[in-house]
Protein chains: 2
Amino acid sequence: MYQKMKAYIQEYHMLQEQDKVIAGVSGGPDSICLLFMLLRLKKEMKIEVRAVHVHHGIREGGADADEAYVREICRKWDVDLAVFHEDVPEYARRHKLTLEEAGRDVRRQCLEKAGDAWGGAKIALAHHQDDNVETLLLNLSRGCGLKGLGGIPPAEGRYIRPLLPFRKQEIELYLKKREISYCTDETNQEEHYTRNRIRARVLPYLEKEVNDQAVRHMAQTIGEMRSLAAYVGQETERFFHLCVRKEAGGGLVIREEDYRKVPEALRSYVLHEALCRAAGKRKDIEAVHVASLQELMGKQTGKKAHLPYRLEGVRCYEGIRIRKREEEETHSYREIPPVSLRVFDRTDPDIRFPDTPYTKWFDYDIIKSTVKIRHREAGDYLTINRSGNTQKLKQYFINEKIPREERDRIWLAADGQEILWIVGLRQNQKYQITDRTKRILEIEFYGGKEDDGKDQCNDPGRGSDTEN
Amino acid sequence: MYQKMKAYIQEYHMLQEQDKVIAGVSGGPDSICLLFMLLRLKKEMKIEVRAVHVHHGIREGGADADEAYVREICRKWDVDLAVFHEDVPEYARRHKLTLEEAGRDVRRQCLEKAGDAWGGAKIALAHHQDDNVETLLLNLSRGCGLKGLGGIPPAEGRYIRPLLPFRKQEIELYLKKREISYCTDETNQEEHYTRNRIRARVLPYLEKEVNDQAVRHMAQTIGEMRSLAAYVGQETERFFHLCVRKEAGGGLVIREEDYRKVPEALRSYVLHEALCRAAGKRKDIEAVHVASLQELMGKQTGKKAHLPYRLEGVRCYEGIRIRKREEEETHSYREIPPVSLRVFDRTDPDIRFPDTPYTKWFDYDIIKSTVKIRHREAGDYLTINRSGNTQKLKQYFINEKIPREERDRIWLAADGQEILWIVGLRQNQKYQITDRTKRILEIEFYGGKEDDGKDQCNDPGRGSDTEN
């Protein structure tokens, strides 16, 4: 296993002589094995190794014992250790994140802080093959393209993952043989988190019922896709430069003539790249936005497509121009959403069900990304009944005969592309409070009361907002 | 749904005016919907439609009722129907297939026969989005590359699948709204088949626990991968012609100089293509064979790699030569394996446990592909204990100190790359008969008795063949 790790480190150029590496050590088997292996490597290669442990501030679940164990083993193995004491639950509350997300953010911040303080050291994480395959299934379920099929990156900036080619059971066996003990991460045992549920249910099921090498096979596919994604990335870059022209002011023009020369399979990647460059961000740029640009290429000059980050695509003589949305400027006073958000426990005795059309409750734990208050975008949809049927927002507007010019001004509470609430008009049925709801997201919208009579929030004639 | 199907048919150029189409109609919701939609299309487009029903010869499970229903609906909808009566269980026995595999083969044969008799008509199958996503998960679990990620082909030769973009529930809803009844396919309800288990367990779990649009998201990824696979296929073809030279006698030479110009991510595809061309077949050419060629490129002139279909790779000055294995000719009398195979039920009262080292029993239902009797190939391995640990066949030979020249002559019973039995030497632990075994594969090897004393089968000193 050690030899295989060395070969893997070399394959992805993870470490060189003189490198400094910080190992993130929770005390669980994976990170203990990682630290052990890095220390073994240190004897062979001229690298320096330190450990960082983050106490997440939740006393239940044995976090104190974990810290004590990590302190003990680092003393025994003679490795420098820095311990951070953080308050993950508080961080989660403040940033409206799940404990899992908050934990990951906080750990990353501590590791990077320690790395910066130690001359920009590399950071080694203990992700393994089971993690990687779980990520693949999560990505597939949540929707992903080629990049998501590549799973967890072995090396990404300063982060390296030397244990990625090993099964979890290989790691545990390796420690057992060497009589190295470790802490049992209780959060891993709980099926509370989606990832753990995939680990506990789906993967063993596939291994038992379909193919006993299922995890290894999927890991192999991940490797192939990672390599292919790198190639497609290069090709996309090449074709992007062939057909995209930058404009003054941050806009872009995709020239149709050259765009037609791009192989069909790469066109969506080129458009995606163009959108990311125009937005200056890669997050939240989805297949549906790329599709709306593709559609636009087939339309007449002057036609437009709404894009995220207040961008719009305009069909022009040359092809497609991507630029900041013009209307944003004229209506810019609207761009600060007149809204307040609050998350609280359903068991909180002080809560009272809101009885105004401007304050709504949603099941917080159903929300997948961070809720945004924004105007409409291509691809927006909502779930319209309990059976889970969905409707495009555009179709809703058409059915309700809402004038085109008004549609862009209507406020939406959005979870990615799914609309929780068309403010003043309709709520998404999926996010309704039920008996199973644990945490409630309250959105209070005070724009409706202050705004002029034409505002959508003050139009009670347009259908009831509460359907249940 | 009808409009979407029309668009889909157009997108994949499935049908043109004047086309003749045969719909395979089992009587279940999917195929009834397919027939209904094709008949609707017939009114709009100048196509001809006929139906074919295959009675699989198993009376239990309502096959007679299915046939009666299909006859009735075809009469009602005024469509020509041909009914085939086949004996699928007998076919399965004769070809050593599972009932599921046999059923598929027999149906295909009937449909093609009907299609040929009707002037080479196209054949429409009722696969839907759930089938497609199930296929993706099966492919991933069994090991697949880019091609497998593309799921079920929408159009493939004469076969077309117009319902591929629809969820199973959409199809059922469509029929319900129109009050069209259908038969319930009982084999679909049973969790007997792997595919049904994925349908019943894994997909609902992912939809419930991870993302309620999981199936749609995966279908989208399948679409992207299908398009990418087409592109990679073209690029592979281009680079194949750049660096492969055909030789007289069916061999190939991969020229190193040009091979180095192939983008890294495409090299394995180019080598795979070279192997397929040299073999004249695409089946059973695995990643492990490609990897052995890749390894060979880094070795000295004269080194060899064993390849399937009696091919070998030889490192030569120019690069790699792929050719028929030479030794095959000198030992060609060995190439008819002296063996007989038989499958029977464990409950058969006449069976007696074999007590010779030349007759062995294996759990037939564990076997994934078709058992082959052959000599060793790169990538062969076997499971050596009940915990599922595996060992490379090569390592086994090294450990057992079996001379190199003998290794190529030893007979193997192989399930893909996994060796069931190193004849006369060792059995794979995974395929052992247990209490749960339903069907037994008996391999009787009579070569050991007739051959000369040097044969591996007659060497009792080389460890016991039965370990339990």
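This structure is a prediction, so every number in the text was calculated from the model and none was measured. (Residues numbered from 1 in each chain as written. Chains lettered and ligands numbered in written order. Predicted model: local features only at pLDDT ≥ 70, side-chain atom pairs only at ≥ 80, totals over all residues. Heavy atoms only, no water.)

(A) Seen up close, the overall build of chain A. Looking only at helices and strands, one finds 18 helices and 20 strands in chain A. Looking at chain A as a whole, 51% of its 468 residues qualify as buried. For chain A, contacts bridging at least 24 residues in sequence account for 68% of all contacts bridging at least 6. For chain A, the exposed surface amounts to about 23,100 Å²; the carbon and sulfur share of it is 47%. (Helix = DSSP H or I, 4+ residues; strand = E, 2+ residues; numbered from the N terminus. Buried < 20%, exposed > 50% of the residue type's maximum accessible area, 1.4 Å probe, protein only. Contact = heavy atoms within 4.5 Å. Areas by Shrake-Rupley, 256 points an atom, 1.4 Å probe, with all protein chains shown as cover.)

(B) Spatial organisation of the UniProt feature "binding site: ATP" (unreviewed entry) in chain A. Residues and elements named next belong to chain A. The residues that UniProt annotates with the feature "binding site: ATP" (unreviewed entry) are S26, G27, G28, P29, D30 and S31. Among the secondary structure elements, S26 is positioned in the loop between β1 (20–24) and α2 (29–44). Residue class for S26 comes out partly exposed when judged on its relative accessible area of 39%. If near-sequence neighbours (up to four positions away) are discounted, S26 is found in contact with S31, H53, D66 and V70. Within the element layout of this structure, P29 appears in helix α2. The contact partners of P29, leaving out residues within four places of it in the chain, are K168, I171, E172, L175, Y182 and C183. (UniProt positions renumbered as here; feature names shortened; annotations may be inferred.)

(C) Structural view of the nonpolar core. One finds A:L228, A:I254, B:L228 and B:I254 to be the most contacted residues of the largest nonpolar core, which totals 102 residues. Sequence-distant contacts of A:L228, that is, excluding residues within four places in its chain, are made with A:L146, B:L146, B:L228, B:V232, B:A265, B:L266 and B:Y269. (Core = buried A, V, L, I, M, F, W, Y, C linked by side-chain atoms within 4.5 Å.)

(D) Geometry of the interface of chain A and chain B. In this assembly, 45 residues from chain A lie in contact with 43 residues from chain B. Of the roughly 3,700 Å² buried at the junction of chain A and chain B (both faces included), carbon and sulfur atoms supply 63%. Looking at the side of chain A facing chain B, the largest losses of area belong to A:S141, A:Y205 and A:Y231, adding up to 17% of the total buried there. Taken together, the connections running from chain A to chain B amount to two salt bridges. A:K430 is the salt-bridge partner of B:D212, the closest N and O atoms lying 3.0 Å from each other. The interface formed by chain A and chain B contains 14 residue pairs in polar contact (both at pLDDT 80 or more). With twelve residues, the top contributor of residues to the side of chain A that touches chain B is helix α11 (residues 214–243) of chain A. Each residue belonging to the side of chain A that touches chain B can be placed in one class, and the counts come to 24 nonpolar, eleven polar and ten charged. (Buried area = accessible area lost by both parts, 1.4 Å probe. Salt bridge = Lys/Arg side-chain N within 4 Å of Asp/Glu carboxyl O. Polar contact = N/O pair within 3.5 Å; in protein donor to acceptor, adjacent residues only side chain to side chain. Nonpolar A, V, L, I, M, F, W, Y, C, P; charged D, E, K, R; others polar.)

(E) The arrangement of a positive patch on the surface in detail. Taken together, A:K303, A:K392, A:K394, A:R404 and B:K4 make up a surface patch of like positive charges. Looking at the element boundaries, A:K392 is found in strand β16 (residues 390–392). Since its relative accessible area comes to 60%, A:K392 is described here as exposed. (Patch = residues over 30% accessible without salt bridge, like charges linked within 9 Å, V, L, I, M, F, W, Y side chains within 5 Å. Lys, Arg positive; Asp, Glu negative; His and termini not counted. Charge placed at Lys NZ, Arg CZ, Asp CG, Glu CD.)

(F) Examining the sheet that holds strand β3 (residues 81–85) of chain B more closely. Residues and elements named next belong to chain B. One open sheet accounts for six strands, arranged β3-β2-β1-β4-β6-β5; its pairing is mixed. Every other strand in the sheet has two partners, leaving β3 and β5 (155–156) as the edge strands with one partner each. Note that strand β1 (residues 20–24) and strand β4 (residues 122–124) share three bridges and pair parallel. Each residue of the ladder has a partner; that of A23, found in β4, is A124. Helix α2 (residues 29–44) rests against β1, β2 (48–55) and β4 of the sheet, and its axis sits at about 160 degrees to β1. (Pairing = 2+ DSSP bridges. Axes fitted to C-alpha atoms, helices over the stretch in contact; angles between N-to-C directions.)

(G) Representation of the pairing of strand β13 (residues 359–363) of chain B in the model. Among the five residues in β13(B), five count as buried, and that is most of the element. Alternating residues of β13(B) divide into B:T359, B:W361 and B:D363 and B:K360 and B:F362, and every residue in both groups is buried.

(H) Representation of the confidence of the model for chain A in the model. All names here are of chain A. Model confidence for chain A is summarised by a mean pLDDT of 84, while 89% of its residues fall at 70 or above. Mean pLDDT per element in chain A: helix α18 (residues 447–450) is the minimum at 44, and strand β4 (residues 122–124) is the maximum at 96. Low pLDDT, under 50, characterises residues 448–468; the predicted model gives this stretch 40 contacts beyond four residues in sequence or across chains. (pLDDT = per-residue confidence, 0-100.)

(I) Broad picture of the pattern of salt bridges. Going through the model one piece at a time under the given rule, you end up with 68 salt bridges over all chains. Salt-bridge contacts for B:E256 lead to B:R260; the nearest nitrogen and oxygen are separated by 3.0 Å. B:E256 gets classed as partly exposed once you look at its relative accessible area, which sits at 22%. You can call B:R260 partly exposed: its relative accessible area is 41%. Several salt bridges share partner residues, and in doing so they unite A:E237, A:E273, A:R277 and A:R282 into one network.

(J) Representation of the sheet that holds strand β3 (residues 81–85) of chain A in the model. Residues and elements named next belong to chain A. The strand order across the open sheet formed by six strands is β3-β2-β1-β4-β6-β5, and the pairing between neighbours is mixed. With partners counted over all chains shown, the strands left at the sheet margins are β3 and β5 (155–156), one partner each. The pairing of β5 with strand β6 (residues 159–160) spans two bridges and is classified as antiparallel. Across the sheet, residue A155 finds its bridge partner in β6, namely I160. Helix α5 (residues 99–117) rests against β1, β2 (48–55), β3, β4 and β6 of the sheet, and its axis sits at about 145 degrees to β2.

(K) Fine view of the relation of the copies chain A and chain B. Superposing chain A onto chain B takes a rotation of 180 degrees combined with a translation of 0.0 Å along the rotation axis, leaving an RMSD of 0.2 Å. Each copy turns onto its partner about a two-fold axis. By C-alpha distance to the rotation axis, the residue of chain A lying nearest is A:V202, at 3.1 Å. (Least-squares fit on C-alpha atoms with pLDDT ≥ 70 in both.)

(L) Representation of the packing of helix α4 (residues 88–95) of chain A against α5(A). All names here are of chain A. Here α4 crosses α5 at 110 degrees, and the two axes come no closer than 9 Å. Of the possible angle classes, the one that applies to α4 and α5 is roughly perpendicular. Listed contacts from α5 to V88, P89, Y91 and A92 of α4 are L99, A102, G103, D105, V106 and Q109. Here the contact of α4 with α5 is composed, by residue class, of seven nonpolar, two polar and one charged. (Parallel < 35°, antiparallel > 145°, perpendicular 65-115°, else oblique.)

(M) Representation of the packing of helix α10 (residues 194–209) of chain A against α11(A). Residue and element names in this part refer to chain A. Between α10 and α11, the least distance of the axes is 8 Å, while the angle of their chain directions is 110 degrees. Between α10 and α11, the angle is such that the two are roughly perpendicular. Only A214, V215 and M218 of α11 make contact with α10, whose side of the interface consists of L203, L206 and E207.

(N) Looking closely at the side chain of A:S31. Residue and element names in this part refer to chain A. With respect to the secondary-structure elements, S31 resides in helix α2. Classification of S31 as buried rests on a relative accessible area of 4%. Beyond its immediate stretch of four places on either side in the chain, S31 contacts G24, V25, S26 and A126.

(O) Structural detail: the side chain of A:Q427. Relative to the assigned elements, A:Q427 resides in strand β19 (residues 426–427). Here A:W361 takes part through its backbone oxygen, which lies 3.4 Å from a polar atom of the side chain of A:Q427.

(P) Structural view of the packing of aromatic side chains. Under the definition given, this model contains ten aromatic pairs over all chains. Directly above the aromatic system of A:F240 lies the positively charged group of A:R277, at a separation of 4.4 Å from the ring centroid. Positioned above the aromatic ring of B:Y2, the side-chain terminus of B:R40 is 3.9 Å from the ring centre. (Phe/Tyr/Trp six-rings, centres within 6.5 Å; stacked < 30°, edge-to-face > 60°. Lys NZ or Arg CZ within 6 Å of the ring centre and 35° of its normal.)

(Q) Examining unusual backbone geometry more closely. Residues other than glycine seldom take positive phi values, yet B:H13 does so here, at roughly 50 degrees. Its location among the elements puts B:H13 in the loop between α1 (2–11) and β1.

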